[in-house]
Structure formats: structure tokens, C-alpha cells
Amino acid sequence: QVQLVESGGGLVQAGGSLRLSCAASGRTISRYAMAWFRQAPKKEREFVSAITPSGGSTVYADSVKGRFTASRDNAKNTVYLQLNSLKPEDTAVYYCAAAGTLAYGFPPRQFEYDYWGQGTQVTVST
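None of these values were measured; they are calculated from a predicted model. (Residues numbered from 1 in each chain as written. Predicted model: local features only at pLDDT ≥ 70, side-chain atom pairs only at ≥ 80, totals over all residues. Heavy atoms only, no water.)

Chemist: Sorry if this is basic, but what is going on with the packing of aromatic side chains here?
Modeler: The geometry of an aromatic ring pair is captured by two quantities: the separation of the ring centres and the angle between the planes. One pass over the structure, following the stated rule, counts six aromatic pairs. Ring-pair connections join several aromatic residues into one group, and the members of that group are F37, F47, Y113 and W116. The ring of Y80 is capped by R19, whose NZ or CZ atom sits 4.0 Å from the centre of that ring. Between R45 and the ring centre of F37, over which it is positioned, the NZ or CZ distance is 6.0 Å. (Phe/Tyr/Trp six-rings, centres within 6.5 Å; stacked < 30°, edge-to-face > 60°. Lys NZ or Arg CZ within 6 Å of the ring centre and 35° of its normal.)

In C-alpha cells form, the structure reads like this:
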């Protein structure tokens, strides 16, 4: 079992930055692809970013490309999401997730994520 705990969310003005962390415990995540998703009120959960187990490759949703950066430190069993140039439409609960198998390649399909965190709220004000 892997437990994931997100942190780093908060209230920030438009144009500001935040750094989200996702700390894993219970098992090393060095062999897991990790991803960030978000869910805004009354909207479906959407993919934000994913990073390969080694950290060598990342993918991003078009809506955050160029503004968000995913990274990981396998020695610390932690993944990060740097959020820059934040917009009000980035307001959501942000979740991290871990996928142990990549049967369909990278990034994993949403149903391939084995573990999810509880989320951290990001609110961007105008």
C-alpha cells in the first residue's frame, strides 16, 4: 500500500505561484508513474500532469503547459508540482496519484492509478 499526502495549497492572487508536494509512505514510489489531477467545484476531475518513474519525462494538460512544472525526488519519496502564473480558473482541489503499471504507455490511463491522495485546495483570487 502507498499512502499519498498532498500539501502546499492555499490562497494566492492571480499571477502568483505555489509549490505543491505529494509525500508518499508505505512503499517507495520510485517505480511508479506519478500524476497530478484537479477537480474544480461542479466539474469533473481533470488531468494536469504526469511524470515517469525516473522523472525523465513529463506531460502536461494544454491548459497548464508552460506554467506548471512537475518534478520528483525519489530519495525523498516525494513529487512536486510548481504552479506559476496562476489564474482564477486554476482554482481546484489538486490530487496526486500513483500508477504502478503502464499497460497503455505513458501517461497512464486514469483507471491505471492505484493510489490517490486526499487533495489540497488551491484558490486563485482575481
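Chemist: In this structure, what is going on with the nonpolar core? I would like to understand it.
Modeler: Buried together is how nonpolar side chains tend to be arranged in soluble globular proteins. Membership of the largest hydrophobic core comes to 30 residues, with the highest contact counts inside it found for L4, M34, W36, F68, L81, L83 and Y94. Breaking this core down by element, the ones donating at least two residues are strand 3 (18-25), strand 4 (33-39), strand 5 (46-51), strand 7 (68-73), strand 8 (78-83), strand 9 (92-99) and strand 11 (120-125). Beyond its immediate chain neighbours, meaning those up to four positions away, M34 contacts L4, C22, I29, S49, A50, I51, R72, V79, A97 and A98. One finds A33, A35, A50 and A97 within the second-largest nonpolar core, a separate group that totals seven residues. (Core = buried A, V, L, I, M, F, W, Y, C linked by side-chain atoms within 4.5 Å. Buried < 20%, exposed > 50% of the residue type's maximum accessible area, 1.4 Å probe, protein only. Helix = DSSP H or I, 4+ residues; strand = E, 2+ residues; numbered from the N terminus. Contact = heavy atoms within 4.5 Å.)

Function cannot be inferred from these measures alone, as they are strictly geometric.
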